Amino acid sequence: MSNNICYEIFPEYPEVLNARMIAEILDLGYAKALKLIKYGGMNYIRIGNVYRIPKRNFIEWLYSGKSKIINLDD
């Protein structure tokens, strides 16, 4: 995926996303977005208890074309 596409998709968001931003984009609650980040197979950076996701990694994960079944109800 080219860098240009990363700038075109979700242009209102910064280059590094947090769990609240992921929740907003995917229309999830914060707790479910956090579980998705931790267990959904997306690449993230953890600094203490804070998760950061490079927007490029999130977009690649979202548009990978692979089916994703993730149980967030536990």
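Residues numbered from 1 in each chain as written. Predicted model: local features only at pLDDT ≥ 70, side-chain atom pairs only at ≥ 80, totals over all residues. Heavy atoms only, no water.

Draft legend 1. Representation of the overall build of the chain within the structure. What the chain contains, in helices and strands, is four helices and three strands. The N-to-C order of helical and strand elements in the chain reads α-β-α-α-β-β-α. Within the chain, the fraction of its 74 residues that count as buried is 27%. Long-range pairs, those at least 24 residues apart, make up 54% of the contacts in the chain with a sequence separation of at least 6. For the chain, the exposed area adds up to about 5000 Å²; of that, 50% sits on carbon and sulfur atoms. (Helix = DSSP H or I, 4+ residues; strand = E, 2+ residues; numbered from the N terminus. Buried < 20%, exposed > 50% of the residue type's maximum accessible area, 1.4 Å probe, protein only. Contact = heavy atoms within 4.5 Å. Areas by Shrake-Rupley, 256 points an atom, 1.4 Å probe, with all protein chains shown as cover.)

Draft legend 2. Structural view of unusual backbone geometry. The backbone of Phe10 sits at a positive phi, close to 55°, despite the residue not being glycine. For Phe10, the location among the structural elements is in the loop between α1 (3–8) and β1 (16–18). Residue Asp27 is not a glycine yet carries a positive backbone phi of 55°. Here Asp27 lies in the loop between α2 (19–26) and α3 (30–39). A relative accessible area of 70% places Asp27 in the exposed class.

Draft legend 3. Quick peek at the packing of aromatic side chains. Evaluated as defined, the whole model comprises four aromatic pairs. Seen from their ring centres, Phe58 and Trp61 are 6.1 Å apart, and the 25° between their planes marks the pair as stacked. Remark: Trp61 and Phe58 occur in helix α4 (residues 55–62); sequence separation between them is three residues, near one turn of the helix. In terms of burial, Phe58 and Trp61 fall into one category: buried. An aromatic cluster is present here, built from Phe10, Tyr13, Phe58 and Trp61 joined pairwise through their rings. (Phe/Tyr/Trp six-rings, centres within 6.5 Å; stacked < 30°, edge-to-face > 60°.)

Draft legend 4. Representation of the nonpolar core within the structure. Formed by 17 residues in total, the largest nonpolar core has its most connected members in Ile22, Ile37, Met42, Ile53 and Phe58. If you list the elements that add at least two residues to this core, you get α2, α3, β3 (50–54) and α4. If you tally residues by element for this core, the top one is α3, at four residues. (Core = buried A, V, L, I, M, F, W, Y, C linked by side-chain atoms within 4.5 Å.)

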